[in-house]
Amino acid sequence: MMLLLTLLIICFSPSGLGQLEESQFGNDAELADFDLDIAPRRVPRQVKTMLTKETKPHIQELSIKTTIISRYAFTAVYCAMLNRHSAATEGVFQFQIPANAYVSNFTMIIGGRVYQSEVRPKEKRVKQENGKPKNKESGDASPEPEVEVFRMAASIPGRNRAIFLLTYEELLQRRLGYYEHMTSLRPLQLVSRLSLDVTIVDHSTITNLEVLPLRNGKSTAAANSAAGPNAPKTPAKLEPPVTTVIKNEKNVCKITFSPNIVQQAKITTSGVLGDFVIRYDVQRDMGIGDIQVLNGHFVHYFAPKDLPVVPKNVVFVIDTSASMLGTKIRQTKDALFTILRDLRPGDRFNIISFSNKIKVWQPNRLVEVTPLTVRDAKKFIFTLATTGGTNIDGAIQTGSSLLRDYLLRPDTSPNSVSLVIFLTDGRPTVGEMQSTAILGNTRSAVQEKFCIFTIGIGNDVDYRLLERMALENCGMMRRINEDADASSMLKGFYDEIGTPLLSDIRINYTEDSVRYVTQHLFTNYFNGSEIVIAGKLTNQSTESLHVQVTASNNDKSIILETDVPLRHRQIETEKHVKKATAAMAGGARVPGSAVAQGLGNALGVIADDFVERVWGFLSVKEGLRSRLRSQTSKEREGHTQQATNLSLNYHFLTPLTNLVVEKPEVLADGTMAPAPTMAPASAGEGVSTANELPGVPEEEKPQKTNGKQGGQISSMRNTIGKVERRPAKKSVTISKTSADGDPHFVVEFPLSKLTVCFNINGEPGHILRLVSDHKHSGVTVNGKLIGAPAPPGSHKQQRTYFSTITIVVDHPKRAYIEVTPKKVILDGRDRMVLPCHSTVTVDSGALSVSIVGNSNVTVAVGGNISFVILLHQYKNPAPYQRDHLGFYIGRSKGLSHNCHGLLGQFLYEEVGLAELPAQGDTKPSPILKVKDRSVPVVQKNRKIYSGTQSVDCWFARNNAAKLIDGQYEDYLMSHMFDTGNWPHGTNRV
């Protein structure tokens, strides 16, 4: 995610913001600082007056860009605030995000300085400023509401701008036959330039697309009341909001919404516009569903249709305690009347009410759905009265006993779907009141024979109890806010689960072809929903993947199976990712906006790995659910560690992590405090000389772990939130053979006593083969390039650096290490994520890794192969600077003479230096003799080892033409874990 950060920073320089035309406000000096991009019409006087009186920083621009690729949504929010006063003023960035989403990045640019966020494991005491949704205070917090508020406050110097950049990600859930994407537009003030741009790209044809009116329902009443009485109401007509533009093609759809300040004021002057809601579905074929493959990961979407409805056995358990008096019980009754009307012939049902006492409508049985039974049930519901306390345990036991006894009858359909729908607005006050005992009693009563779906109404509910009860018994929990329309929400929840189509679904893949697969066993599949599974491919060169789906439909068993051509699916997935990135980069620009293009480019970068991020997103969700339903502290700790590691890996803000960001310091006169400076280290104080890198002193050596996550977590936590001393020098000897910087390649030929250097002018996103010895030692090293603009005065248009380096080992067992400037992922005996700011050593069988915090990473393969990766990090980077990596070969004796790659091909070569004779007025020119090829060279000086040493070398121009075997394109890899062989055989000629 640091790649995303730096891309955003470049594209969104404050200097790109336009200036206000004087004609819009006359000579109003106060408003002359504002940047209002409005059509050439006069701003109403009352709007002008409101802006003049505004004391808090003015939001000049709020630009939101979302890209949805195959139901996975990336959203980037750009907010520019201006403090037009001379004194420093607090600016508050606040944005509502969907509860199902994870924040993946946050950055502030204030006073020209960049403050980047970092995701860290949650600690009990964190002194730094934490930006996080208010409803995720701890891992044991109440289950999520519909939306959460991300809030960050920072001082803005006088007469200065602040830019806030927020990104979040979510997997859209299919409910009632459509996906719904919601964007909150609640800046709490009129915005000079407001724009929303949503791009939907799908492998399948997009259908039933609609944009709803701005939604500002009861669930957000609290925000509305805070904003004032002029907050908008939901329009009666289902028409898109004003200025909405929809461009819908077969597989790509673009929606834009950009009201100017006058149009905003016509909707509301409070700045609370509401939720911009998009609904759509995709066309589906019968079969095993849609499988997409990208970069060694797969995602499987399964949503069968046109199946007979499976009969259900349902028991409604309804709270009628005194606290349900009034609106709650009335709306509950209204919903039940509608639900009873929707029951199908063949279904069986019963109703239980509970308070102090428990009442059963039809004792000891479930009744068939007939006009008569439905009429009698409505009479029972109508007579329900509220009184007394809340006996949750007794109600669940009674409902479970009814359903369990019915299922034991010989005439019960074995493939019918059975469920309890439990509703309450309070905590247990009668009978058993301990949550652990209630959960244990519920498990014993259910015996894995049916599912429990729980619904909580209001703020006085033990939502943790309801969620655990549902999760432990194959159900779902739904939260209804105190001021929400409970009747429609209850009916909507029932509609989601009221039409079961399949039960006992099992999805299997070729044994040993996949690993780390997310949940693939499901109790039920309901009409209008979707099953999503993701995992990793064990071997990316495998031609096909066998997929088998087994399930039950009524009294029939269903088996669906096919062989999925992986290479073909990879190509198809790459195509629609390219469509997405092209649409984002070349989409319509918002008039006057300097950021729309940049948001698209930044989202395009992370879109390249969307399948892996789907897997990470699902794996974190699954880990949190498993943690919640853990029965022992050991089991809980295991799930906690796993979910924490994944959250850190993908930079997700979850209930187990904090998002930490440094706050700018503003002086009393309203100016920024001077930037902190670092004194240069003197000789002997951690400065590397010759072929040495800083190592770890004896007193700071980390505890060596055995590759298990527990040891890794404890060693990491020792460094979190502390300032580490720079390690004293302990030399790690490496060769000059390297790829560092732009990237500059250096190759040392010890036998020839020569050093050769060359540049590779690659493209951002390209993956280069650095070392390829897959067939012999089993080692492959690949590096991914990131782009950056050239510094002022440079002859280049752009630079490229290595943002990621992977080292894959196939002997004796497949393992890999992936290194970025912020983290190291080790996938050997166990999968671990190690932050680069820690100092730690891990031995994982075939691979071992040693990190010197914020300095370098040493990777050893056996005893004769080692690589050193330098970490180049910037605290406050300039626009042309990027965090990047330098790659150095340490020991190479274990690599074979057939080794290849941009660096590997030279390990066992000898070269000679000669001169071309002078011709005419030209002087003799040096040439390098390499494998019977003559390469023109010039003498240069290169800095290596983070600039601590210079080396004289013979430089080969033109992208190393003639020096390297083949051409640049021969070294491009399809993905980071590609171990394909050199296409032209060995390096021997």
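Residues numbered from 1 in each chain as written. Predicted model: local features only at pLDDT ≥ 70, side-chain atom pairs only at ≥ 80, totals over all residues. Heavy atoms only, no water.

Identification of the protein chain as Inter-alpha-trypsin inhibitor heavy chain H5 from Larimichthys crocea is taken from an unreviewed UniProt entry. UniProt lists a comment for the protein chain under the heading Sequence similarities (unreviewed entry), and it reads "Belongs to the ITIH family." Comment text from UniProt for the protein chain, heading Subcellular location (unreviewed entry), reads "Secreted". (UniProt positions renumbered as here; feature names shortened; annotations may be inferred.)

For sheets, the rule is that strands pair by backbone hydrogen bonds, running either parallel or antiparallel. Across the sheet, 4 strands lie side by side as S17-S18-S29-S27; this open sheet has antiparallel pairing. The sheet terminates laterally at strand S17 (290-294) and strand S27 (514-515), the two strands that pair on one side only. Across 5 bridges, the pairing between S17 and strand S18 (residues 297-302) is antiparallel. Directly across from Leu-294, in S18, lies its bridge partner His-297. The sheet strands contacting helix H13 (residues 610-628) are S17, S18 and strand S29 (531-537), and the helix crosses S29 at an angle near 115 degrees. (Pairing = 2+ DSSP bridges. Helix = DSSP H or I, 4+ residues; strand = E, 2+ residues; numbered from the N terminus. Contact = heavy atoms within 4.5 Å. Axes fitted to C-alpha atoms, helices over the stretch in contact; angles between N-to-C directions.)

We now examine the state of the cysteines. One pass over the full model with this rule turns up 2 disulfides. One disulfide bridge connects Cys-451 with Cys-474, the sulfur atoms lying 1.9 Å from each other. Linking Cys-451 and Cys-474, the disulfide has an S-S dihedral of approximately -105 degrees and is accordingly described as left-handed. One end of the pair, Cys-451, is in strand S24 (residues 451-457); the other, Cys-474, is in the loop between helix H9 (463-471) and strand S25 (477-480), and 23 residues separate them in sequence. Relative accessible area serves as the criterion here: at 1%, Cys-451 is assigned to the buried category. Here the protein chain pairs its bonded cysteines, counted in sequence order, in the arrangement 1-2, 3-4. (Disulfide = S-S within 2.5 Å. Buried < 20%, exposed > 50% of the residue type's maximum accessible area, 1.4 Å probe, protein only.)

Let us now look at the packing of H13 against helix H14 (residues 633-649). It is the contact of H13 with H14, at a shortest axis distance of 8 Å, that shows an interaxial angle of 155 degrees. By the criterion of interaxial angle, the relationship of H13 to H14 is roughly antiparallel. Taken as a pair, H13 and H14 cross one another with a handedness that is left-handed. Between H13 and H14, the contacting residues are Trp-615, Ser-619, Val-620, Gly-623, Leu-624, Ser-626 and Arg-627 on the first element and Arg-636, His-639, Thr-640, Ala-643, Leu-646 and Ser-647 on the second. In terms of residue class, the contact of H13 with H14 is built from 5 nonpolar, 6 polar and 2 charged. (Parallel < 35°, antiparallel > 145°, perpendicular 65-115°, else oblique. Left-handed = near helix turned anticlockwise from the far one by under 90°. Nonpolar A, V, L, I, M, F, W, Y, C, P; charged D, E, K, R; others polar.)

The subject of this paragraph is H14. Its 17 residues place the ends of H14 24 Å apart at the C-alpha level, agreeing with the 24 Å of an ideal helix rising 1.5 Å per residue. Within the sequence span of H14, burial applies to His-639, Thr-640, Gln-641, Ala-643, Thr-644, Asn-645, Leu-646, Ser-647, Leu-648 and Asn-649. Where H14 terminates, the next one or two residues include His-651, which has phi positive at roughly 60 degrees. (Expected span 1.5 Å × (residues − 1).)

Turning our attention to the side chain of Arg-284. Mapped onto the secondary structure, Arg-284 falls in the loop between strand S16 (274-282) and S17. Residue class for Arg-284 comes out buried when judged on its relative accessible area of 13%. At a separation of 2.9 Å, a polar atom in the side chain of Arg-284 contacts the side chain of Asp-281. (Polar contact = N/O pair within 3.5 Å; in protein donor to acceptor, adjacent residues only side chain to side chain.)

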